[in-house]
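# Understanding the architecture of this molecule
Chain by chain, the residues run as shown.
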Amino acid sequence: MAAAGVVSGKIIYEQEGVYIHSSCGKTNDQDSLISGILRVLEKDAEVIVDWRPLDDALDSSSILYARKDSSSVVEWTQAPKERGHRGSEHLNSYEAEWDMVNTVSFKRKPHTNGDAPSHRNGKSKWSFLFSLTDLKSIKQNKEGMGWSYLVFCLKDDVVLPALHFHQGDSKLLIESLEKYVVLCESPQDKRTLLVNCQNKSLSQSFENLLDEPAYGLIQKIKKDPYTATMIGFSKVTNYIFDSLRGSDPSTHQRPPSEMADFLSDAISGLKINQQEEPGFEVITRIDLGERPVVQRKEPVSLEEWTKNIDSEGRILNVDSMKQMIFRGGLSHALRKQAWKFLLGYFPWDSTKEERTQLQKQKTDEYFRMKLQWKSVSQEQEKRNSRLRDYRSLIEKDVNRTDRTNKFYEGQDNPGLILLHDILMTYCMYDFDLGYVQGMSDLLSPLLYVMENEVDAFWCFASYMDQMHQNFEEQMQGMKTQLIQLSTLLRLLDSGFCSYLESQDSGYLYFCFRWLLIRFKREFSFLDILRLWEVMWTELPCKNFHLLLCCAILESEKQQIMEKHYGFNEILKHINELSMKIDVEDILCKAEAISLQMVKCKELPQAVCEILGLQDSEVTTPDSDVGEDENVVMTPCPTSAFQSNALPTLSASGSRDDSPTQIPVSSDVCRLTPA
């Protein structure tokens, strides 16, 4: 149906005669039963559950509101605060149809003298829709009722009005939803179905997810790798495996090379651990020597930072300062200032006056770009499908980004508006890339630290310069990183790599989310602030984030191998590491790995190029390993990466602003920042 306001998409389920009981105590009142139509639709990569009155098309006035604690059905009414802060032009525009239910604020509508509320045309205006990714649980009716009903609870604990199935059973709806999510009974209440129960997920086949499993998965990965990996893999761990092997028992045991071929089909150009792949050498077992023990230092204080600023505001001893940040991170009070330098928004050698002028220039530039999308009329946007798609994705992502953080929690939160506006403005800044799901994860910590719209935007733009390839349509950055990670892990532990390959996991696709958004979903919010600022120093080597991946995988190796985890269990285990990883421990292990590789005299050329090893004068930072590690000379092929010498910490552990340089022969190389 093409009527205005109706959600378009492929209809998976449709049922008329699904009622909302607006006033359960007045069965003789016609307004107490609101007949509607319930649909489940596929729209792009999204699955939408949509209910609306049979005679109403959705407009902004019929988006409804309820209390978070509404255990019974109540009248929903539009909240004035929400209307005000979203803007009248937004609420009256067509894209309000795609606002997530959890974007609204909730308020019980008062009744006077027991009268039911009146609406225009004498009819109640009701409707709601939500994305299936936001569904937490479904509560079913008690046994013995004349008809069945369902109550949807969303992940932010919003409880929607009960849907009563007067004409037909609700089982067909449940069966339709089970094509996309895993449902199982709650141990506490058999009437409640929990979404994505882990016990059932291991037996859930991909054939139950899509009608055309292999083709559908490949298309989803190509079109939206973020959703396919960050949402799909976290729910049902064996989708790829089951879709690939199909129903033929003879295909259930597939060699790793065929699994790599499958990923190559899904992400064109991805070849991992394929000996015939041109340009990649076979990594044989190499003795890397003993791994040093590394200790972290205290965060850089505001006092230490201030001591390194001259009278005109220039940062002195930049290399030494970067090393101090790498060794201990930053105190939180310093982040707002220091991150602008680490991300390249402020030049390290700029004066205070120059930075003030730069901020004025960047403020003007930002608001000119913001005005571009703000001034687009509804009629213009109807003819601009790309802008519509960007806005729709942004609005949905903003409303599910770090909502448990106090900076973003609640419905009337200005932080959410700023997230939305910055991401929309970035679409004007880089319209070719626009917005891709996952970018909101990168912006959120920046806005949290900066507490300023303009500064957060330009820091985000600088960060996206580094991360751009991760989000491009061809995913070239992701392909390269997965291949490089496989190469490094094979050097560190070929036995572990062989085990992963024997379990069809040698392509390391379970690390996709780590790389895509730089571990944002793996560590707590505060730990991510520490991890990112350390990585932004670009020390101690190029692609240090890949060594962080290696450190995490090494930490989990024993459990994976001793418990003989297979494909499903490995994916499940890696997903469940989220928020359980010690950031300081992993930083120590990753740095120790880098030092171990520096000392290796037979490092393969591929590894040298990944880590930025080169022929040059050697300067390596002291890493508190209990002995003098300042002089490390490593034979290695020449690569293209160049860098200035690094400052060092003295052997006693005190900070030394003067760099130590040791000339060496042309057949040695060192770790350098990118």
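Residues numbered from 1 in each chain as written. Predicted model: local features only at pLDDT ≥ 70, side-chain atom pairs only at ≥ 80, totals over all residues. Heavy atoms only, no water.

Going by what an unreviewed UniProt entry lists, the protein chain is known as TBC1 domain family member 15 and is assigned to Rhinopithecus roxellana. For the protein chain, the Function (unreviewed entry) comment in UniProt is given as "Acts as a GTPase activating protein for RAB7A. Does not act on RAB4, RAB5 or RAB6." What the UniProt record of the protein chain gives under Subcellular location (unreviewed entry) is the line "Cytoplasm". (UniProt positions renumbered as here; feature names shortened; annotations may be inferred.)

This next bit is on the overall build of the protein chain. Scanning the protein chain from terminus to terminus reveals 25 helices and 13 strands. Within the protein chain, buried positions represent 57% of all 674 residues. Counted over contacts in the protein chain with a minimum sequence separation of 6, partners at least 24 positions apart contribute 73%. Roughly 29,000 Å² of accessible area belongs to the protein chain as shown, and the carbon and sulfur atoms make up 47% of that amount. (Helix = DSSP H or I, 4+ residues; strand = E, 2+ residues; numbered from the N terminus. Buried < 20%, exposed > 50% of the residue type's maximum accessible area, 1.4 Å probe, protein only. Contact = heavy atoms within 4.5 Å. Areas by Shrake-Rupley, 256 points an atom, 1.4 Å probe, with all protein chains shown as cover.)

It is worth spelling out the sheet that holds strand 3 (residues 46–53) at this point. Across the sheet, 9 strands lie side by side as 4-3-2-1-7-6-5-9-8; this open sheet has antiparallel pairing. At either end of the open sheet lies a strand with only one pairing partner, and these are strand 4 (128–131) and strand 8 (183–185). Across the sheet, the mean angle from the axis of one strand to that of its neighbour is 30 degrees, orientation sign disregarded. (Pairing = 2+ DSSP bridges. Axes fitted to C-alpha atoms, helices over the stretch in contact; angles between N-to-C directions.)

With that settled, the discussion passes to the confidence of the model for the protein chain. When the pLDDT values of the protein chain are averaged, the result is 74; 64% of them are 70 or greater. Of the regions scoring below 50 in pLDDT, residues 197–219 engages in 55 contacts with residues more than four places distant in sequence or in other chains. Ignoring residues within four places in sequence, the model shows residues 271–281, a span with pLDDT below 50, making 22 contacts including any to other chains. (pLDDT = per-residue confidence, 0-100.)

Here T133 lies in the loop between strand 4 and strand 5 (135–140). A sequence separation of 87 residues divides T133 from E46, and the C-alpha atoms of the two residues are 8.2 Å apart. Within the local environment of T133, its side chain forms a polar contact with the side chain of S131, the two groups lying 2.8 Å apart. Within the structure, T133 has its side chain in polar contact with the side chain of R400 (distance 3.1 Å). (Polar contact = N/O pair within 3.5 Å; in protein donor to acceptor, adjacent residues only side chain to side chain.)

What follows covers the packing of helix 14 (residues 385–398) against helix 15 (residues 414–429). Two elements in contact, helix 14 and helix 15, have axes whose closest approach is 10 Å; the angle formed by their N-to-C orientations is 150 degrees. Accordingly, the angle class assigned to the pair helix 14 and helix 15 is roughly antiparallel. Crossing angle aside, the handedness with which helix 14 passes helix 15 is right-handed. Where helix 14 abuts helix 15, its residues L387, Y390, R391, I394, E395 and V398 lie against L416, L419, H420, L423, M424, C427 and M428. Among the residues forming the contact of helix 14 with helix 15, the class breakdown is 10 nonpolar, 1 polar and 2 charged. (Parallel < 35°, antiparallel > 145°, perpendicular 65-115°, else oblique. Left-handed = near helix turned anticlockwise from the far one by under 90°. Nonpolar A, V, L, I, M, F, W, Y, C, P; charged D, E, K, R; others polar.)

This paragraph deals with the pairing of strand 1 (residues 10–21). As paired strands, strand 1 and strand 2 (residues 33–43) are joined by 10 bridges and run antiparallel to one another. Across the sheet, K10 pairs through a bridge with E42, a residue of strand 2. As judged from the 2 bridges shared by strand 1 and strand 7 (residues 163–165), these two strands associate in the antiparallel manner. Looking at the pairing, V18 lines up with F165 of strand 7.

The next thing to look at is the environment of K479. Positionally, K479 belongs in helix 18 (residues 476–492). Considered as a pair, K479 and Q469 are 10 residues apart in the sequence and their alpha carbons are 9.7 Å apart.

Among the 9 residues of helix 23 (residues 567–575), 8 are classified as buried, and the element is accordingly described as predominantly covered. Regarding helix 23, the residues found buried are F567, N568, I570, L571, K572, H573, I574 and N575.

Looking along the chain, the bond that leaves L539 and enters P540 is cis, with omega of -5 degrees. The backbone of D402 sits at a positive phi, close to 50 degrees, despite the residue not being glycine. Structurally, D402 can be placed in the loop between helix 14 and helix 15. The backbone of E451 sits at a positive phi, close to 55 degrees, despite the residue not being glycine. Among the secondary structure elements, E451 is positioned in the loop between helix 16 (439–450) and helix 17 (453–471). When its relative accessible area of 54% is taken as the criterion, E451 is described as exposed.

On inspection of all chains with the given rule, the structure shows 28 salt bridges. A salt bridge links E312 to R314; the nearest nitrogen and oxygen atoms lie 2.3 Å apart. On the basis of relative accessible area, R314 is assigned to the partly exposed category, the value being 30%. For the salt bridge of E365 with K362, the shortest nitrogen-to-oxygen distance reads 3.8 Å. With a gap of 3 residues between them, E365 and K362 both fall in helix 12 (residues 352–374), about one helical turn apart. On the basis of relative accessibility, which here comes to 23%, the residue E365 falls in the partly exposed class. (Salt bridge = Lys/Arg side-chain N within 4 Å of Asp/Glu carboxyl O.)

Take the packing of helix 18 against helix 24 (residues 583–599) next. The N-to-C vectors of helix 18 and helix 24 enclose an angle of 75 degrees; their axes lie 12 Å apart at closest approach. As judged from the angle between their axes, helix 18 and helix 24 are roughly perpendicular. Contacts from L488, L491 and L492 of helix 18 reach helix 24 at I593, Q596 and M597.

A few words on the packing of aromatic side chains. Per the stated rule, a full pass over the model turns up 29 aromatic pairs. The interplanar angle of 55 degrees and the centroid separation of 5.0 Å between the aromatic rings of Y366 and F457 together place this pair among those described as tilted. Placement of the pair is Y366 in helix 12 and F457 in helix 17, with a sequence separation of 91 residues. The exposure class assigned to F457 is buried, which follows from its relative accessible area of 0%. If you follow K362 out to its NZ or CZ, it ends over the ring of W458, 4.1 Å from the centre. (Phe/Tyr/Trp six-rings, centres within 6.5 Å; stacked < 30°, edge-to-face > 60°. Lys NZ or Arg CZ within 6 Å of the ring centre and 35° of its normal.)

What follows is about helix 18. The terminal C-alpha atoms of helix 18 lie 25 Å apart, and with 17 residues this matches the ideal 24 Å at 1.5 Å per residue to within 8%. Taking burial as the measure, the 17 residues of helix 18 include 15 buried ones, the bulk of the element. (Expected span 1.5 Å × (residues − 1).)

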